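# A look at the structure
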Amino acid sequence: MYASESAKAASASESRYRITVPIAPARNARVIALDTRAASVARRISDGPWANARFYTCEAAPDRGPADEFLLYRLDGVPAALDDMLRDTDVVVIMATDDSGGTRAAAIGSACSARAITTAGVVLGDGFEADDAVAALRPHARVLLLSADESDAFELLRALRV
């Protein structure tokens, strides 16, 4: 009788080939919520088992300047400059639930692309309330997740080793 390949791989003699250390997390991950509902999701999942992840909200500039001008804030309300935030960053996850942040998504995605920073997009919601956000993220995001379930955002962050 022959053992299957799966049985052989699970044997004690094959255990010496198994990787026993956890996969290292991304060195510096940033999660940017583009709208109010996305910020609520970011706040809920920010307590997760993240290594060096930092979470931000993104708002249009109050002086109503060009559409791509915006302000970033850490979840504790401290302002952050995009250039500073991206310095030494490995992965940026952009979250949206509607189209209000489409131009900001494109500007952040472009800045990440220029710096060769891996970018992922998470668009949460029922239906297609965020078509513009999806279109803005598509050219820049290596991973683009559209889901009605916010737990998928948590799972994406885990998959990216944030």
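First, a word on scope: everything that follows refers to the structure included in this document. (Residues numbered from 1 in each chain as written. Predicted model: local features only at pLDDT ≥ 70, side-chain atom pairs only at ≥ 80, totals over all residues. Heavy atoms only, no water.)

### Overview of the nonpolar core
Filter applied, for reference: In plain words, nonpolar cores are sets of buried Ala, Val, Leu, Ile, Met, Phe, Trp, Tyr and Cys residues tied together by side-chain atoms within 4.5 Å. Residue burial is assigned from relative accessible area. The probe radius is 1.4 Å, only protein chains are included, and a residue is buried under 20% of its type maximum, exposed over 50%, and partly exposed in between. The secondary structure listing takes helices from DSSP runs of H or I that are at least 4 residues long and strands from runs of E that are at least 2 residues long, numbered from the N terminus. Whether two residues are in contact is decided by their heavy atoms: any pair within 4.5 Å suffices.
If you look at the biggest cluster of nonpolar residues, it comprises 24 residues, and the most contacted ones within it are Ile32, Leu34, Leu82, Leu86, Val92 and Ile108. Elements that contribute at least two residues to this core include exactly strand S2 (54-60), strand S3 (70-74), helix H3 (82-86), strand S5 (91-96), helix H4 (102-114) and helix H5 (131-137). Per-element tally for this core: the top contributor is H4, with five residues. Not counting chain neighbours up to four residues away, the residues in contact with Leu86 comprise Val92, Ala111, Cys112, Arg115 and Ile117. Counting 21 residues, the second largest nonpolar core, distinct from the first, contains Val31, Val41, Val93 and Val162.

### Overview of the sheet that holds strand S6 (residues 118-124)
For clarity, the threshold we go by: Paired strands are those between which DSSP finds at least two bridges. To define axes, lines are fitted to C-alpha atoms, for helices over the stretch in contact only, and angles between the resulting N-to-C directions are given on a 0 to 180 degree scale.
Overall, mixed pairing links the seven strands, which are arranged S4-S3-S2-S1-S5-S6-S7 in an open sheet. The sheet terminates laterally at strand S4 (79-80) and strand S7 (143-147), the two strands that pair on one side only. Relative to S3, S2 runs antiparallel, the two sharing five bridges. Within S3, the residue paired with Thr57 across the bridge is Tyr73. Packing of H4 onto the sheet brings it into contact with strand S1 (29-33), S2, S3, S5 and S6, and relative to S5 it is tilted by some 170°.

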